[in-house]
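# Geometric and topological summary
Listed below are the residues making up each chain.
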Amino acid sequence: RLVNDPTTGKVVPLAFLGEFFFLARDGLELAFTLPLSGRKTCNRGALFVSNVRMAFVCKSPDQEFAALDIPLAYIRSEKFNQPIFGCNNLSGNVFSVDNGGPSGSAPPWEFTIYFKEGGCGTFLPIFLGQIEAARNGAQRATEGVPEEPSAPYEESVIQTAYVDPNDPSTLYVVQPNDENRIEPQSGYPTLRQASTALRTFATAVV
């Protein structure tokens with residue numbers, strides 16, 4: 001679901017219960033291929049990175065496509081590419097929540113995020129950190145590791161983030177549209193897993 005952020009007037013994803021958004025990045029292009037139909041699509045828009053997902057919001061939405069969630073724990077084979085010709089981009093595969101994630105019957109689909117404007121010095125370390133945290137959270141849950149005491153770990157990640165003057169990413173000191181949070185749809189990696197792992201990640205970077 002999408003809502004208007006009263007602070008900025010921009011369209012943003014409605015946050016899940018317990019979700020924390022770290023940054024927003026405009027000037028991107030998302031290209032992806034659906035595995036079953038083989039349909040390819042490419043759209044300009046903004047990307048929001050949280051402790052649970054990347055949420056892409058189209059600049060010019062239509063009836064077929066307005067936004068897309070990419071759960072961090074379901075991403076595989078992510079790679080940051082710096083071609084000689086063309087803009088930097090981030091490619092990878094992701095399993096669909098609707099089809100049961102990695103344990104479902106459907107194969108992952110391919111995506112590429114093109115950085116059309118500016119650098120990636122702020123975006124990339126935070127994104128990679130959240131990928132690692134999400135995977136560690138899933139592993140900890142599988143091993144039955146108990147949840148750690150609560151701490152202001154999200155704020156620590158923001159406070160210690162490197163700010164690249166050439167990167168137009170916006171860091172969230174105050175959460176966008178913090179009211180009316182919703183439960184994630186069935187099939188999302190649990191927020192407890194992400195939160196537990198993120199505390200470990202934040203402790204390492206402080």
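For the structure given in this document, a descriptive report is provided here.

### A look at the pairing of strand 3 (residues 21-33)
- A large share of strand 3 lies buried, amounting to 11 of its 13 residues.
- The pairing of strand 3 with strand 4 (residues 40-50) spans 10 bridges and is antiparallel. Paired with E29 across the two strands is R44, which belongs to strand 4.
- Two strands pair when backbone bridges link them, and strand 3 and strand 10 (residues 170-171) are joined in this way by two bridges, in the antiparallel orientation. The residue of strand 10 that forms the bridge with A24 is T170.
- Here strand 3 runs beside strand 9 (residues 109-115); their pairing, made up of six bridges, is antiparallel. Within the sheet, the bridge partner assigned to L28 lies in strand 9 and is F115.

### What to know about the pattern of salt bridges
- Tallied over the entire structure, the rule returns six salt bridges.
- A salt bridge links D167 to R25; the shortest N-O distance between them is 2.9 Å. Residue D167 is found in the loop between helix 2 (153-159) and strand 10, and its partner R25 is found in strand 3; the two are separated by 142 residues along the sequence.
- Judged by relative accessible area, D167 falls into the buried class, the value being 7%.
- One salt bridge in this structure joins R53 and D69, with 2.8 Å as the shortest N-O distance. Taken together, the positions of R53 in strand 5 (residues 53-58) and D69 in strand 6 (residues 67-71) put the pair 16 residues apart, joining distant regions of the chain.
- Each of the salt bridges in this network shares a partner with another, and the network as a whole consists of E19, R53 and D69.

Parameters and conventions
Residues numbered from 1 in each chain as written. Predicted model: local features only at pLDDT ≥ 70, side-chain atom pairs only at ≥ 80, totals over all residues. Heavy atoms only, no water. Buried < 20%, exposed > 50% of the residue type's maximum accessible area, 1.4 Å probe, protein only. Helix = DSSP H or I, 4+ residues; strand = E, 2+ residues; numbered from the N terminus. Pairing = 2+ DSSP bridges. Salt bridge = Lys/Arg side-chain N within 4 Å of Asp/Glu carboxyl O.

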